[in-house]
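Now for the letters of each chain:
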Amino acid sequence: MNTLASELYVALVALDRPRIESLFRQAVSRTSPMQAVEELMVPALILLGEEWNAGKVALSQIYMSSRICEDIVKRILPATDAERRSPSQLAIVVLSDYHTLGKRIVLSVMRASGFDILDYGRMEVDELVERVLADDVKILLISVLMLPSALKVKAVRAALNARGSRVRIAVGGAPFLFDPELWREVGADAMGHSAADAVTIIRRWKENRP
Ligand code: B12
């Protein structure tokens, strides 16, 4: 897997779509689609972000390579069906920023694990609060990758508390990985490092464990 990961990184930097697809297929044949995403794609994208920080790759390369990854994820992980008929007490959202890949992966894994979950797409604080109240959501998953967006979770929590909602909030994404105490500071009830963590947290809460 390690060799595949470094080859994938090189292919992503070169925006070599056929090579990316073929490396990804090899990984899937060795493990599972989800493991290939978590163990191959996510680390490669994080490394790209670090290289961008260090001025070694351009934002356009990150943009294009993440679009290619998003296409692959769309094809290999279970489709997201926003129009579910039965009411759900679970919802997921990207708060404020435009980094959507993490949410897509978490959503796919949740649905693949049998959870009926509403997909709110991308929302700002006020709209999110209204939707949570209108849908009577009991568990809200928030994905963010920018620090300013992470800090807005505080406003979501405060507005929901003020309106009497007892929704439980789980958060995930880069700012919470960079600062392990941030999730508590913004008033979330849990933080997950991966899509698999989202499933563990929700199972725990559904069984009324803290
Ligand atoms: C790809 C990428 C982009 C793409 C996004 C494409 C897309 N459709 O998503 C593009 C090029 C558009 C982009 C733009 C920008 N980006 Co950007 N981007 C990244 C990068 C390299 C990878 C993100 C990614 O897709 N990772 C893969 C996904 C699958 O991982 P993930 O989201 O973390 O999700 C996983 C876990 O965190 C977890 N998870 C996620 N959500 C949740 C939720 C719950 C409840 C749970 C339990 C788990 C969970 O499960 C997922 C699967 O494992 C990161 C680097 C990094 N370290 O994250 C920078 C990064 C997030 N970007 C950054 C910045 C600054 C920007 C820009 C401002 C750049 C600019 N100057 O314009 C813009 C802003 C866009 C905006 N307003 O939102 C910074 C943010 C810094 C900060 N602290 O705020 C980062 C951290 C780069 C860096 N090191 O500086 N970016």
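See the structure printed just above.
Residues numbered from 1 in each chain as written. Predicted model: local features only at pLDDT ≥ 70, side-chain atom pairs only at ≥ 80, totals over all residues. Heavy atoms only, no water.

### Section: the overall build of the protein chain
Of the regular secondary structure elements, the protein chain holds 11 helices and five strands. What you see for the protein chain is a C-alpha radius of gyration of 17 Å, in line with the 17 Å of a compact globule of 210 residues. Across the 210 residues of the protein chain, 45% fall into the buried class. Sequence-distant contacts, at least 24 apart, represent 70% of the contacts inside the protein chain between residues at least 6 apart. Carbon and sulfur atoms provide 55% of the accessible area of the protein chain, an area that totals close to 10800 Å². Each charge class in the protein chain was averaged separately, 27 positive and 26 negative side chains, and the resulting centres sit 3 Å apart. (Helix = DSSP H or I, 4+ residues; strand = E, 2+ residues; numbered from the N terminus. Rg over C-alpha atoms; globule rule 2.2 N^0.38 Å. Buried < 20%, exposed > 50% of the residue type's maximum accessible area, 1.4 Å probe, protein only. Contact = heavy atoms within 4.5 Å. Areas by Shrake-Rupley, 256 points an atom, 1.4 Å probe, with all protein chains shown as cover. Lys, Arg positive; Asp, Glu negative; His and termini not counted. Charge placed at Lys NZ, Arg CZ, Asp CG, Glu CD.)

### Quick word on the coordination of the cobalt atom of the ligand
A lone protein donor binds the cobalt atom of the ligand: H99 (NE2), at 2.3 Å. Here H99 lies in the loop between β1 (90-95) and α5 (101-112). (Donors = N, O, S within 2.8 Å, 3.2 Å for Na, K, Ca; no water.)

### Examining the pairing of strand β3 (residues 139-143)
For β3, the tally of buried residues reaches five of five residues, placing the bulk of the element in the interior. Across the two faces of β3 the burial is the same, with I139, L141 and S143 and L140 and I142 all buried. The pairing of β3 with strand β4 (residues 168-172) spans five bridges and is classified as parallel. Paired with L141 across the bridge in β4 is A170. (Pairing = 2+ DSSP bridges.)

### Focus: the sheet that holds β1
Read from one edge to the other, the open sheet built from five strands follows the order β2-β1-β3-β4-β5, with strand pairing classed as parallel. On the outer flanks of this sheet lie β2 (118-123) and β5 (190-192), each paired with one strand and no other. Averaged over neighbouring strand pairs, the angle between their axes works out to 25 degrees when direction is ignored. Taken together, the three bridges between β4 and β5 define a ladder with parallel strand orientation. Across the sheet, the residue bridging to V171 is M191, located in β5. Packed on one face of the sheet, helix α6 (residues 125-135) meets β1, β2 and β3 and runs near 165 degrees to β2. Against the sheet, helix α11 (residues 195-206) makes contact with β1, β3, β4 and β5, and its axis sits at roughly 150 degrees relative to β5, the strand it touches most. (Axes fitted to C-alpha atoms, helices over the stretch in contact; angles between N-to-C directions.)

### What to know about the pattern of salt bridges
Tallied over the entire structure, the rule returns 13 salt bridges. Between R131 and D135 there is a salt bridge, with the nearest N and O atoms lying 3.4 Å from each other. Within this pair, R131 and its partner D135 are both found in helix α6, separated by four residues, close to a single helical turn. Residue classification places R131 among the partly exposed residues on the basis of a relative accessible area of 34%. By sharing partners, the salt bridges in this structure join R17, E21, D71 and R75 into a single network. (Salt bridge = Lys/Arg side-chain N within 4 Å of Asp/Glu carboxyl O.)

### Some details on the nonpolar core
Formed by 43 residues in total, the largest nonpolar core has its most connected members in M41, I105, M110, L141 and I202. Listing elements by their share of this core, those giving two or more residues are α1 (2-13), α2 (17-30), α3 (33-53), α4 (59-76), β1, α5, β3 and α11. The element contributing the most residues to this core is α3, with eight residues. With residues up to four places along the chain from it excluded, the contact list for I202 reads L90, M110, F115, I139 and L141. With 27 residues, the next largest nonpolar core counts L118, V153, F176 and M191 among its residues. (Core = buried A, V, L, I, M, F, W, Y, C linked by side-chain atoms within 4.5 Å.)

Nothing here speaks to function; it is geometry throughout.
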